[in-house]
Structures are given as structure tokens and as C-alpha cells.
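Working through the structure, step by step
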Amino acid sequence: MSDSFLTHISQTLREIEAEGLMKRERMITSPQGGEIQVGERDVINLCANNYLGLADNPALIRAAQDAMEPRGFGMASVRFICGTQDIHRELEQKLAKFLNKDDAILFAACFDANGGLFEPLLGPEDAIISDSLNHASIIDGVRLCKAKRYRYMNNDMADLEAMLKHAREEGARHIMVATDGVFSMDGYLANLPEITRLAKDYDALVMVDDCHATGFMGPNGAGTPDHFGVDVDILTGTLGKALGGAIGGYIAGPQPVIDLLRQRARPYLFSNSLPPSIVAAGIEAIRLVEEGAKDRARLFENARHWREGLEALGFDILPGEHPIIPVMLGEAQLAQDMAARLFDEGVYVSGFFFPVVPRGQARIRTQMNAALTRDELDRALAAFGKVGKELGVI
């Protein structure tokens, strides 16, 4: 490799470091849970997407283990060649039923699901209208599609309607509105009642990425459409958060849409099938979610207690009803310093800063889960209070 290229890369890394934007990883030596081991230390984990605490659930572990003996370790192939087992279809059908859709299709991750969704369904005659704060995977998927692209300001329904009008005036054949169900940096919910109303008025489709809602939002845990009591056309989501925390994504929707994606979605056609152990655990995770009203109630009780505790301490937190509760700090270095000091106090959190969030909006994104105990939350609040005062945040 050329010296000039490596010099350029090294300079970029130095600039990232100088701006306080370098991301660092800590080595976890235990299963994911409310408390985890990092090296020799036990710390309270407040930054995992483990909403229902299922990542170390014994039933999921047993389901994964039990699948490996009769089904093998991996599929060594893509789905249409020789990579489909009966349990792959079983999981897809269970997901579809859980989400009240005709069918579902599995991907290696929801990033792949979003990356493979748009291009097979929409062409140059069509239009995609995307929320400005959508996840990077939606943005990348839209870029791969030849449809005309429009963007509306985050959750701004007047702006969305203006974009719908514009797309119709431009003669779009089909229009798809694409939005996150939950905007994961802020914990805000998309305004699905109004989005679906506008979509109906302008004969548009609605696609929702529900990664941060499937399994726990709504009376049945089926996500933001369940929460709001509305129907959307296409749902994408993940097994890697509330549904066990491993890996795997999906798209759920009308039968013809899923059938066409099996023929044309490139991440599906050219990526190995999910391993049997992950598929079996996913089936078990859906069963647990369908029976897990107590876990959902505990999750939201933890979120209420945590939010009230942070507010009482004087932290600047974003309002909301979701278990994502960001503590706003402003500067990247302050977010990193606070995360480091909290780790010293036995609390594992991560600072979020540019380019993950806009410059000047650095934060610590705390996330609640059902596995956290009241004692762990109170110890974490005490640590936040101590460190917040030391750093002049409160």
C-alpha cells in the first residue's frame, strides 16, 4: 500500500482524535445483562438495546443450543441455493403473524433489510419521501434506488405534506414515505397516525423501520403501529435488540412485496442464511414476547423511575415515553469525559457525538431494560449525580 495513502489515513485519525471524536471499545467478558463484566469489573449497563433483558435468557440459550445438534452450525449458502431450512420459514411466518402481515423475509441484519428494500420495489418513475433523521441504513437503501428522493424535516407533518404534494405534482407513479418508528438518538416516536392519514390522502405507501420498538411498544409488543393502533404497509426490524439481541433482520408486508424481494433483494440473494441457532432462538424470543406483558411493564416502570431520577438531579434530558432517555451535554469531549468517569463509578454508558448526532448535540444515551433492578438504577443515579456535579453538568 502506498505511503501517501497511509499518511492520509493516519492524518484523518489524528484529526478525529484531536476533535474528541474517537470511538473506543471496551471488552466485555460476560453475557449481556443488567450488570456485566468488563475485564475484572462488574458494571451496571445502561447503553444496550437489550430492552426486555432477553440477551442472556436461559430459554433462548437452550433453544440455540438445541438447534445446533440436529440442524448444524451454519448454512454455508444463500437461501435460494441450499440455505433454507424449515425453521427459516417458521420464523418468517411467526414474525408475519406477530406483526399482522402476510409474510416476512429474513436478512442477516436490518441494515441489510433496509439496504435491499427500496431498489427492487421502486424505479425512476417513483418517489421516496424520507424523514431527515432516518437511520443510516434507510439512507443507504434509498441511495441504491433510482426513485426520486425527497426529504422532510424530522416529524414535521406540514413539511411531509408539502413533499407529498410536490411528488404528486412531479408525476410520481408510486410514492413511499419512509420513517423510523423510533428515532433512536432522541427516543422520539414517529407521528404514525398523521403519517398514515397523509399517506392515504395522497395515495402513498408507508414503510417503518421499527428496530427500536418491536417486542415492547404497544399492547401486544408489536411495535409503533401497535402502539398507535394504525396499519402501515411495510415493516422492517431486527432480532438484534429486544428479540434476544443477537443478529438478523426482516421485512414484513404484503405477500407480493415479500415474493418480489425474494427474487430481487440483493442482500438476501447474496448473503449467507442466518445460522440455525439464531433462527431457533428467534422463534423462542417471539414466544416469550407474546407471553411477556410483565417484562414490558417492568421495562416502562424502569424507564419512568430513571427519567424522574435524572430530572430530580437536574440533568437536561429529552422528553418522551420511550426507554431511550438521552442526557444532553452539548460537547463531544464532555460526553466522553462523563462516560469515562461514570465507568470509574461502576456505570457503563457511551458518549454519542458527531457524526452520530449533529455537532453541539453530544449526549449520553441511556437505555432502560427489564433486567435492571431498582437497586441498580438507584446506584446508577447516585453515580450520575456525583459525576454530574464533578464535571459541572448539574
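Structure: above.
Cut-off values and rules
Residues numbered from 1 in each chain as written. Predicted model: local features only at pLDDT ≥ 70, side-chain atom pairs only at ≥ 80, totals over all residues. Heavy atoms only, no water. Axes fitted to C-alpha atoms, helices over the stretch in contact; angles between N-to-C directions. Helix = DSSP H or I, 4+ residues; strand = E, 2+ residues; numbered from the N terminus. Parallel < 35°, antiparallel > 145°, perpendicular 65-115°, else oblique. Left-handed = near helix turned anticlockwise from the far one by under 90°. Contact = heavy atoms within 4.5 Å. 1 Å grid on protein atoms, 1.4 Å probe; cavity = no way out; pocket = protein on both sides within 12 Å on 5 of 7 lines; lining within 4 Å. Points joined across faces, edges and corners; volume = space filled by probe spheres on them. Nonpolar A, V, L, I, M, F, W, Y, C, P; charged D, E, K, R; others polar. Expected span 1.5 Å × (residues − 1). Buried < 20%, exposed > 50% of the residue type's maximum accessible area, 1.4 Å probe, protein only. Pairing = 2+ DSSP bridges. Patch = residues over 30% accessible without salt bridge, like charges linked within 9 Å, V, L, I, M, F, W, Y side chains within 5 Å. Areas by Shrake-Rupley, 256 points an atom, 1.4 Å probe, with all protein chains shown as cover. Salt bridge = Lys/Arg side-chain N within 4 Å of Asp/Glu carboxyl O.

What follows covers the packing of helix 7 (residues 157-169) against helix 8 (residues 192-201). Pairs of packed helices are described in terms of their axes, by the angle between the two and the distance that separates them. Relative orientation of the contacting elements helix 7 and helix 8 amounts to 20°, with a least axis distance of 11 Å. Between helix 7 and helix 8, the angle falls in the class roughly parallel. Here the hand of the crossing between helix 7 and helix 8 comes out right-handed. On helix 8, the residues that touch Met157, Leu160, Glu161 and Leu164 of helix 7 are Glu194, Ile195 and Leu198.

So, about the layout of surface pockets. Rolling a probe over the atoms, with the probe sized like a water molecule, indicates the empty space that remains. Quantified by volume, the largest pocket comes out at close to 1,100 Å³. Around the largest pocket, the lining comprises 48 residues; the ones closest to its centre are His135, Ser184, Met185, His212 and Arg365. Looking at the lining of the largest pocket, the elements with two or more residues in it are helix 5 (110-121), helix 6 (136-143), strand 7 (182-183) and strand 15 (362-367). A per-class count over the lining of the largest pocket returns 23 nonpolar, 18 polar and seven charged. Computed from the structure, the second largest pocket encloses a volume of approximately 450 Å³.

End to end, helix 12 (residues 276-290) covers 22 Å across 15 residues, agreeing with the expected 21 Å (1.5 Å per residue, within 8%). The element helix 12 is extensively covered by neighbouring structure, given that 13 of its 15 residues are classed as buried.

Taking strand neighbours across the sheet as the criterion, the three strands line up as 1-2-13 in an open arrangement whose pairing is mixed. At either margin of the open sheet sits one strand with a lone partner, and together these are strand 1 (35-38) and strand 13 (347-348). Strands in contact with helix 14 (residues 332-344) are strand 1, strand 2 (41-45) and strand 13; relative to strand 2, the strand with the most contacts, it is inclined by about 125°.

With that settled, the discussion passes to empty space enclosed by the protein. Applying the stated criterion across every chain, the model contains one cavity of 30 Å³ or more. There is about 90 Å³ of room inside the largest cavity. Lining of the largest cavity is provided by Arg79, His88, Leu106, Phe107, Ala108, Pro267, Tyr268, Ser271, Asn272, Ser273 and Leu274. Where the lining of the largest cavity is concerned, the elements lending two or more residues are strand 3 (103-107) and helix 11 (266-269). For the lining of the largest cavity, a count of residues per class yields six nonpolar, four polar and one charged.

A grouping of Met1, Phe5, Leu6, Ile9 and Leu13 is seen on the molecular surface, where their side chains present a nonpolar patch of about 500 Å² in accessible area. Structurally, the position occupied by Met1 is in the segment before helix 1 (3-18).

Attention now moves to the pairing of strand 11 (residues 249-253). When you tally the buried positions in strand 11, you get five out of five residues, the bulk of the element. Relative to strand 11, strand 3 is paired through five bridges, and the arrangement is antiparallel. Pairing of Ile105 across the sheet is with Ile251, part of strand 11. Sheet analysis places strand 10 (residues 234-238) next to strand 11, joined by four bridges and oriented antiparallel. What sits directly across from Leu235, in strand 11, is Ala252.

Before going further, it helps to spend a moment on the sheet that holds strand 6 (residues 175-180). Across a sheet, paired strands are connected by hydrogen bonds in the backbone, their directions being either parallel or antiparallel. Here seven strands make up an open sheet; going across it, the order is 3-11-10-9-6-4-5 and the pairing mixed. Sheet topology places strand 3 and strand 5 (148-152) at the edges, where each strand pairs with a single neighbour. Each neighbouring strand pair of the sheet contributes to a mean axis angle of 20°, computed without reference to strand direction. Note: strand 4 (residues 127-131) against strand 6, four bridges, orientation parallel. Among the inter-strand pairings, Ile129 is bridged to a residue of strand 6, identified as Val177. Where helix 5 meets the sheet, its contacts fall on strand 3, strand 4, strand 6, strand 9 (205-209), strand 10 and strand 11, and the angle it forms with strand 10 comes to roughly 155°.

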